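Listed below are the residues making up each chain.
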Amino acid sequence: MGAHPRGDAVIRDNRIPQKTLGQWIADNPACLGAKVKDTFQGRLPFLFKVLSVNTALSIQAHPNKELAAKLHAQFPEHYPDANHKPEMAIALTPFEGLCGFRPVEEIVSFLQTVPELRALAGGGGGGSGSDDPRGVSAALRVCFTRLMKSEKKFFVDQLNMLVKRISQEVAEGKDTSGSNGDLLLRLHSQYPGDIGCFTIYFLNLVRLEPGEAMFLGANEPHAYLHGDCVECMACSDNTVRAGLTPKFIDVLTLCEMLNYTPAPSSSKIFPATQSQLDPSVYLYDPPVPDFAIMRIEIPPSIKLYLVSAVDSASILLVIQGTAVGTSTAAASEMTLRRGSVLFISANESISLHLSSPDGMLLLRPCCLLCAWALPVLPPHPSQATGPIQAT
């Protein structure tokens, strides 16, 4: 859901002459809101996705703007634009992912208890007692890079030895949690012989409950393992991959760019803040200007709810519930149900007449530039083209 050239959303309302959201925004740039239009050169600055992860998605990171421009200039076939790609995942079901480097004590423990890992990465890791964060990060970089650049035959042999050993321990009823056995066997069954299987010993395993989120800034190593989520990101398709994927991998770039700061998995969970103006709204506001996300939980007791106007274009996704939507700028009523998607112009509101007995759950990405201390300009009157249903 968005207007990236490689995935431009299709407009479902056949009364609108433009076929895609990108075409419509190009013809109606005021719909973005004055500040957003000027800041992002007339483009919608975010993409919004729903992911259902059954097989793990690649070990990856996203470049900052400087590196993105460099990679795009050198390898446009692999890095198709010059933008950064910070992103946030919000769980819809219990969700598992890898995110950021583990505390160094955990990595050292795995190096001590998993000899196959130690054979590939060495016995370093910075030492659990080191007080110098730069020294720890430098040692972690050396250790992780050595692992990821291992010769293929060597790491495949070590991985097969590890899988065989853990499988035997499982068959004997032994506890394999000290070797992260369950996750290793699961990833190896999906990607046999893949170096990415070893990254579980370096990266945090993060478990999210529905409504919890993790933010993935530039150079943050991560992978989605299992579950359903929505994902919002800057409008980019730049991904540097190094494992758990059949796609193009770029190990050297990944190892050079990563943030090697160790931190506990609990630090990766990004909190939402309840709005003081509307208790139904919870805001995820990451430290980037490109996007923020509102989670709107309308209780069953409310049968008429106003989706408030903001000075930014936004997308409204129905996760749960049914309603009829009306707007002064819309040509007709809109029937909303699970999976419905609306594009809402800046400074437009929508009235929802709820018909479901269990309330509604909505997610709404937008661009709240006011939080970034940019000049406050008067709202730009959007053209009366109102909400658009899109896919």
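Residues numbered from 1 in each chain as written. Predicted model: local features only at pLDDT ≥ 70, side-chain atom pairs only at ≥ 80, totals over all residues. Heavy atoms only, no water.

Asks: Help me understand the environment of valine 170, please; the structure alone is not making it clear to me.
Replies: In this structure, valine 170 sits in helix 7 (residues 152-171). Sequence separation between valine 170 and aspartate 182 is 12 residues, and the spatial gap between their C-alpha atoms is 8.9 Å. Contact partners of valine 170, with chain neighbours within four places excluded, come to Thr176 and Leu185. (Helix = DSSP H or I, 4+ residues; strand = E, 2+ residues; numbered from the N terminus. Contact = heavy atoms within 4.5 Å.)

Asks: Hey, could you run me through helix 4 (residues 104-113) in this one?
Replies: For helix 4, the set of buried residues is Val104, Ile107, Val108, Phe110 and Leu111. For helix 4, the buried positions fall inside an angular range of 160° around the axis, keeping them on one side. Turning to helix 4, the residues buried within the fold contact helix 5 (115-121) and helix 6 (133-148). (Buried < 20%, exposed > 50% of the residue type's maximum accessible area, 1.4 Å probe, protein only. Arc of directions from axis to C-beta.)

Asks: Looking at this structure, I do not really get the packing of aromatic side chains. What am I missing?
Replies: To describe a pair of aromatic rings, you give the distance between the ring centres and the angle between the ring planes. Counted by the stated rule, this structure contains 8 aromatic pairs. Look at phenylalanine 144 and phenylalanine 202: their rings are 5.3 Å apart centre to centre, the planes differ by 70°, and that puts the pair in the edge-to-face class. Here phenylalanine 202 lies in the loop between helix 8 (181-190) and strand 5 (203-208) and phenylalanine 144 lies in helix 6, a separation of 58 residues in the sequence. Across the pair, exposure class does not vary: phenylalanine 144 and phenylalanine 202 are buried alike. Note on phenylalanine 144 and tyrosine 260: the rings are 6.3 Å apart at their centroids and 65° apart in plane angle, and the pair reads as edge-to-face. Within this pair, whereas phenylalanine 144 is found in helix 6, its partner tyrosine 260 is found in the loop between helix 9 (251-257) and strand 9 (269-270), the two being separated by 116 residues in sequence. Phenylalanine 144 sits in the buried class, given a relative accessible area of 1%. Seen from the ring of tyrosine 282, arginine 295 lies directly overhead, with NZ or CZ sitting 4.5 Å from the centre. (Phe/Tyr/Trp six-rings, centres within 6.5 Å; stacked < 30°, edge-to-face > 60°. Lys NZ or Arg CZ within 6 Å of the ring centre and 35° of its normal.)

Asks: Could you clarify how one ought to interpret helix 3 (residues 65-74) in this entry?
Replies: Since there are 3.6 residues in each turn of an α-helix, residues three or four apart along the chain are aligned in direction. Taken together, the buried positions of helix 3 are occupied by Leu67, Ala68 and Leu71. Burial along helix 3 is one-sided: seen end-on, the buried residues are contained in an arc of 100°. Turned more than 90 degrees from where helix 3 packs its buried face, Glu66 and Ala73 sit exposed. The elements touched by buried residues of helix 3 are strand 8 (240-243) and helix 9.

Asks: How should the pattern of salt bridges be read in this particular structure?
Replies: Pairing between side chains becomes possible if they bear opposite charge and their charged atoms approach one another. Under the counting rule described, the total for this entry stands at 12 salt bridges. The partner of glutamate 96 in a salt bridge is arginine 207, and the shortest N-O contact between them spans 3.3 Å. Placement of the pair is glutamate 96 in strand 4 (residues 95-101) and arginine 207 in strand 5, with a sequence separation of 111 residues. Taking relative accessible area as the criterion, glutamate 96 reaches 14% and is therefore assigned buried. On the accessibility criterion, arginine 207 (54% relative accessible area) is exposed. A salt bridge links lysine 153 to aspartate 157, with the shortest nitrogen-to-oxygen separation between them at 3.0 Å. Within this pair, lysine 153 and its partner aspartate 157 are both found in helix 7, separated by 4 residues, close to a single helical turn. (Salt bridge = Lys/Arg side-chain N within 4 Å of Asp/Glu carboxyl O.)

Asks: So what exactly am I meant to see when it comes to the sheet that holds strand 15 (residues 323-326) here?
Replies: Backbone-to-backbone hydrogen bonds pair the strands of a sheet. The strands run either parallel or antiparallel. Read across the open sheet, the 4 strands follow the order 13-18-15-16; overall the sheet is antiparallel. The open sheet is flanked by strand 13 (304-307) and strand 16 (334-336), the only strands paired with a single partner. The mean angle between the axes of side-by-side strands here comes to 30°, regardless of whether they run parallel or antiparallel. Pairing between strand 15 and strand 16: 3 bridges, direction antiparallel. In the sheet register, alanine 323 faces strand 16, and the bridge partner there is leucine 336. (Pairing = 2+ DSSP bridges. Axes fitted to C-alpha atoms, helices over the stretch in contact; angles between N-to-C directions.)

Asks: Mind showing me how you'd approach unusual backbone geometry here?
Replies: Residues apart from glycine generally show negative phi values, whereas peptide bonds are mostly found in trans. One non-glycine residue with positive phi stands out, namely asparagine 219, at about 70°. Note on placement: asparagine 219 falls in the loop between strand 6 (213-216) and strand 7 (222-234). The backbone of asparagine 347 shows a phi angle near 65°, a positive value even though the residue is not glycine. As for its placement among the helices and strands, asparagine 347 is situated in the loop between strand 17 (341-344) and strand 18 (350-354).

Asks: How should I be thinking about the confidence of the model for the protein in this particular structure?
Replies: Low pLDDT means the predicted atomic positions in that stretch should not be read closely. Averaged over all residues, the pLDDT of the protein is 89; the fraction at 70 or higher stands at 92%. Contacts of residues 125-129 to residues separated by more than four positions or lying in other chains number 12 contacts, the stretch itself having pLDDT below 50. Under a pLDDT of 50 for its full length, residues 371-385 has, in the predicted model, 29 contacts with residues more than four places off or in other chains. (pLDDT = per-residue confidence, 0-100.)

Asks: Help me out: how do you make sense of the pairing of strand 12 (residues 292-298) in this one?
Replies: Side-chain direction in a regular strand flips from residue to residue, so the side chains alternate between the two faces of the sheet. The buried fraction of strand 12 amounts to 6 of the 7 residues, a majority that puts the element mostly inside the structure. Looking at chain direction, strand 11 (residues 281-284) and strand 12 are connected through 4 bridges and run antiparallel. Opposite leucine 283, over in strand 12, you have methionine 294 as the bridge partner. Taken together, the 7 bridges between strand 12 and strand 19 (residues 360-366) define a ladder with antiparallel strand orientation. Looking at strand 19, one finds that arginine 295 is bridged to leucine 363.

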